[in-house]
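Topology and contacts: notes
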Amino acid sequence: MTHDPARSDDSPVTTDASSTLDATAEATIQSIRALSETDADSWLEAALHQLNALTPEVDFEADESIVTTLDLGRQLFDCEYGFVAETTNGVHRIAYCATPDDQYAVGATSALRDTPCAAVVNARSALASIVISDDTTTVVDSVIPPDSGFTAYLGAPLIVNYRIWGTLSFASRQHRAASFSRRECELLELMAARVAAQLQLARANSELSRNRDELRQVLDNVPARIWVKDDQNTILHANRNAAKSMGFDNPMALKNADTYALFPDMAAKYHRDDLEVLNSGKPLRNIVEPYTPLDGEHGWCRTDKIPLTVDGQRRLLVVASDITDMKLREQKLQQLNASLQNFASVAAHDLQAPLRQARLLVDLLANEIGADRSDSVAETLDTLSHRIDSMRDMVRSIYELAALESQTLSTAPVDLNKVLADILTQLKPSFDDLGVQFCAERLPTVVANGALLADVLRNLIENACKYNNSETPEIALRYERDASCVVHRFAIEDNGIGIAGADRERVFEPFRRCSSLAVDGTGIGLAFCRRVIQAHGGTIWVDPDAGDGGTRLIFELPYGQTLRDRV
Amino acid sequence: MSTRVLLIEDDLLDQQFVLRAMARSSGVVDIKVAENGAVSLEKLRREPLPSVIVRDLSLPRMDGHEFLLALTSD
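Residues numbered from 1 in each chain as written. Chains lettered and ligands numbered in written order. Predicted model: local features only at pLDDT ≥ 70, side-chain atom pairs only at ≥ 80, totals over all residues.

1. Things to note about the nonpolar core
Residue and element names in this part refer to chain A. Formed by 46 residues in total, the largest nonpolar core has its most connected members in Val-84, Leu-154, Leu-168, Leu-188, Ala-192 and Val-195. Ranked by the residues each element gives to this core, the list is headed by helix α5 (residues 182-221), at seven residues. The residues touching Val-84, leaving out its near neighbours within four places in the chain, are Ile-66, Leu-70, Ala-95, Tyr-96, Gly-166, Leu-168 and Val-195. Counting residues in hydrophobic clusters, the runner-up holds 35 residues, among them Val-414, Ala-454, Phe-490 and Leu-557. (Core = buried A, V, L, I, M, F, W, Y, C linked by C-beta atoms within 7 Å. Buried ≥ 20, exposed ≤ 12 C-beta atoms within 10 Å, placed from the backbone. Helix = DSSP H or I, 4+ residues; strand = E, 2+ residues; numbered from the N terminus. Contact = placed C-beta atoms within 7 Å.)

See below:
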């Protein structure tokens, strides 16, 4: 309270026009006031009755209720001023007031110790105090600061959440004949309890509304589309993104909307899924399905459906993300893959045909020229044939690589010892030419595609032979089962030129030739090997720890692909 | 009596290769050429049956497989 000692005492008492009480209430209050002090119980009863009539105990319009209480108090206690003030941290701040003038306003602050409310806060109970006549010197123990201009004061603490939050007080500048009665103090305490309850409710309300607002903002700003539905396919709530996706600006417009009307194509499916989730009590996640709202943009979404129980009612939380872009990219990728495979088969046929013809033409030409050709012509024809053959091999390899991508692997038990024996028979002439020394350990029987695995082994052994300029090329095929019995490990070792560190991954790229050695080949061998091994669920790599001089290529096949008792 | 041969091949160069190879054979060969399966079916219906049919697989209009199906069902 701010204080105005200059104020005169002859101001009107209860004539302010701003009272919130209507004429009937005023009349009732007059009759209560007429009850004599001797009839104190009746007075309190009538006053309480009026308090109840004017301010309901649970009232969501707390502000209005509190002002009404102040008006009632002013009348009953015969005071011109009524205040609800917050008194925390030593500051007196007016939160509500009912006054005959504009001397006090909501929000006005002063030091708590300069106000009569300080004594109420200290005492933690209702206090009444008056100044007898104008002779302030006769007052003993008055709580009213002399310069406040007040001559009567009645205040009670407001306990909110078990702590003194502030005070409810009434004050007058009129001299009273007698002090406030015990009944008046009791009534004040009851009023204070009610105001405190209303303040608490108002706080809870504003917290609730803040939380609701915050939740709404969160829900409206997440990229997901969110719905809460019942078991009848009815939408109870939707967030902004969900509403937008269905052609609505305002999510509130979807309250109690029927999914059957909004998604004519998909509603039945949605409802089936809803009921599955609600009946099983288990969420359904990652449902990928078309999204075809009547008024929104069509596409694809990925949806999670989670069962909820709200107030004993079955509810469903539906969270969907738009995956239309991803789906379109996927479709495009599938088309690209299909056309790539088509390209590979076209390449196989259409590129091989002219090469075959060119090769035949060279043969015909050689025949027609006959035996008396010059050395240079003979050499040119040889080179031409050779180049065309290389080209045909490359085209065929590309085709095989592409075909490998698209085919499903057919597997059967394969005895790798037999496979190796066949390969060695084929390679025997070149081994004999080069003086290759080959040794192999006993190999297992594995479940695999025998033809492809044979190609891998042949490729690796041929490479070990080709990229080798040792006097006596040595090649070894080693085999071991790893300690944890998860994979079978094969290693092909040679004493050849080796593979530089930087090239150990690059050699597996198609057409990547990393050697300076002039060697025949399509440049696709190791890429092919890697695809085959990967298709079997295995891995292949160049061992970085092979040491100087030579290469160790390791490939592993999962143990599950093998027949263990045949090894 | 010459051996009748029907060659079904759309590529002119490949036709030439086969004709050249046939020309080198010791026997007398009567070669008819058709550029696709449909034309050769027509020929087969009108003319005496050949002893040998040499056919490409990838052909316009009616490919080698379709030709074989049509031939066996005729």
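2. Focus: the packing of helix α11 (residues 416-434) of chain A against helix α12 (residues 450-466) of chain A
Residues and elements named next belong to chain A. One can describe the packing of α11 onto α12 by two numbers: an axis separation of 10 Å at closest approach and a directional angle of 20°. As the angle between them shows, α11 and α12 are arranged roughly parallel. Viewed along their axes, α11 and α12 form a crossing whose handedness is right-handed. Where α11 abuts α12, its residues Val-419, Leu-420, Asp-422, Ile-423, Leu-427, Ser-430 and Leu-434 lie against Gly-450, Leu-453, Ala-454, Leu-457, Arg-458, Ile-461 and Cys-465. (Axes fitted to C-alpha atoms, helices over the stretch in contact; angles between N-to-C directions. Parallel < 35°, antiparallel > 145°, perpendicular 65-115°, else oblique. Left-handed = near helix turned anticlockwise from the far one by under 90°.)

3. Regarding helix α8 (residues 267-280) of chain A
Residue and element names in this part refer to chain A. The terminal C-alpha atoms of α8 lie 20 Å apart, and with 14 residues this matches the ideal 20 Å at 1.5 Å per residue to within 8%. Burial in α8 covers these residues: Tyr-270, Asp-274 and Val-277. Down the axis of α8, the smallest arc covering the buried residues is 65°, so these residues share one side. Turned more than 90 degrees off the buried face of α8, the exposed positions are Arg-272, Asn-279 and Ser-280. Buried residues along α8 sit against β7 (225-229), α7 (259-262), β10 (284-291), β11 (299-310) and β12 (313-322). (Expected span 1.5 Å × (residues − 1). Arc of directions from axis to C-beta.)

4. Thoughts on the pairing of β12 of chain A
Residues and elements named next belong to chain A. When β7 meets β12, the two strands line up antiparallel, connected through five bridges. Among the inter-strand pairings, Ile-226 is bridged to a residue of β12, identified as Val-319. Sheet topology note: the β11/β12 ladder contains 10 bridges and is antiparallel. Looking at β12, one finds that Ile-306 is bridged to Leu-317. From the end of β11 to the start of β12, which pair antiparallel, there are two residues, and Asp-311 there has a positive phi angle of about 55°. (Pairing = 2+ DSSP bridges.)

5. A closer look at the confidence of the model for chain A
Residues and elements named next belong to chain A. For chain A, per-residue confidence averages 84 on the pLDDT scale, and residues scoring 70 or more make up 89% of the total. Confidence drops under pLDDT 50 across residues 1-17; counting only partners more than four residues distant or on other chains, this segment forms 31 contacts. The low-confidence segment residues 562-567, where pLDDT is below 50, has 13 contacts with residues more than four positions distant or belonging to other chains. (pLDDT = per-residue confidence, 0-100.)

6. So, the sheet that holds strand β3 (residues 109-111) of chain A
Pairing between sheet strands relies on hydrogen bonds along the backbone, with the strands arranged either parallel or antiparallel. Residue and element names in this part refer to chain A. Reading across from one edge, β3-β2-β1-β6-β5-β4 is the order of the six strands in this open sheet, with antiparallel pairing throughout. Among the strands making up the open sheet, the edge pair consists of β3 and β4 (127-130). Direction aside, neighbouring strands of the sheet carry axes that sit 30° apart on average. Sitting on the sheet, helix α3 (residues 62-77) is in contact with β1 (81-86), β2 (91-98), β5 (152-160) and β6 (163-172), with an inclination near 85° to β2. Set on the sheet, α5 makes contact with β1, β4, β5 and β6; between it and β5 the angle comes to about 40°.

7. Considering unusual backbone geometry
Residue and element names in this part refer to chain A. Of note in this structure, Arg-124 is not a glycine but carries a positive phi near 55°. Within the element layout of this structure, Arg-124 appears in the loop between α4 (117-123) and β4. The backbone phi angle of Asn-286 is positive, close to 55°, even though this residue is not glycine. Relative to the assigned elements, Asn-286 resides in strand β10. The class of Asn-286 is exposed, set by 7 C-beta atoms lying within 10 Å.

8. Observations concerning the packing of helix α1 (residues 23-34) of chain A against helix α2 (residues 40-54) of chain A
Residue and element names in this part refer to chain A. It is at 10 Å that the axes of α1 and α2 come closest, and there the two elements cross at 165°. The pairing of α1 with α2 is recorded here as roughly antiparallel in orientation. The crossing of α1 and α2 is left-handed. Where α1 approaches α2, its residues Ala-25, Thr-28, Ile-29 and Ile-32 are matched on the opposing element by Trp-43, Ala-46, Ala-47, Gln-50 and Leu-54. For the contact of α1 with α2, the residue count by class is seven nonpolar, two polar and no charged. (Nonpolar A, V, L, I, M, F, W, Y, C, P; charged D, E, K, R; others polar.)

9. Considering the sheet that holds β12 of chain A
Residues and elements named next belong to chain A. One open sheet holds the six strands; their spatial order is β9-β8-β7-β12-β11-β10, and the pairing between them is antiparallel. The sheet is open, and its two edges are formed by β9 (257-258) and β10, each paired on a single side. When strand β8 (residues 234-238) meets β9, the two strands line up antiparallel, connected through two bridges. Bridging across to β9, Ile-235 finds its partner in Ala-257. Of the strands in this sheet, β7, β10, β11 and β12 are in contact with α8, which crosses β11 at around 35°.

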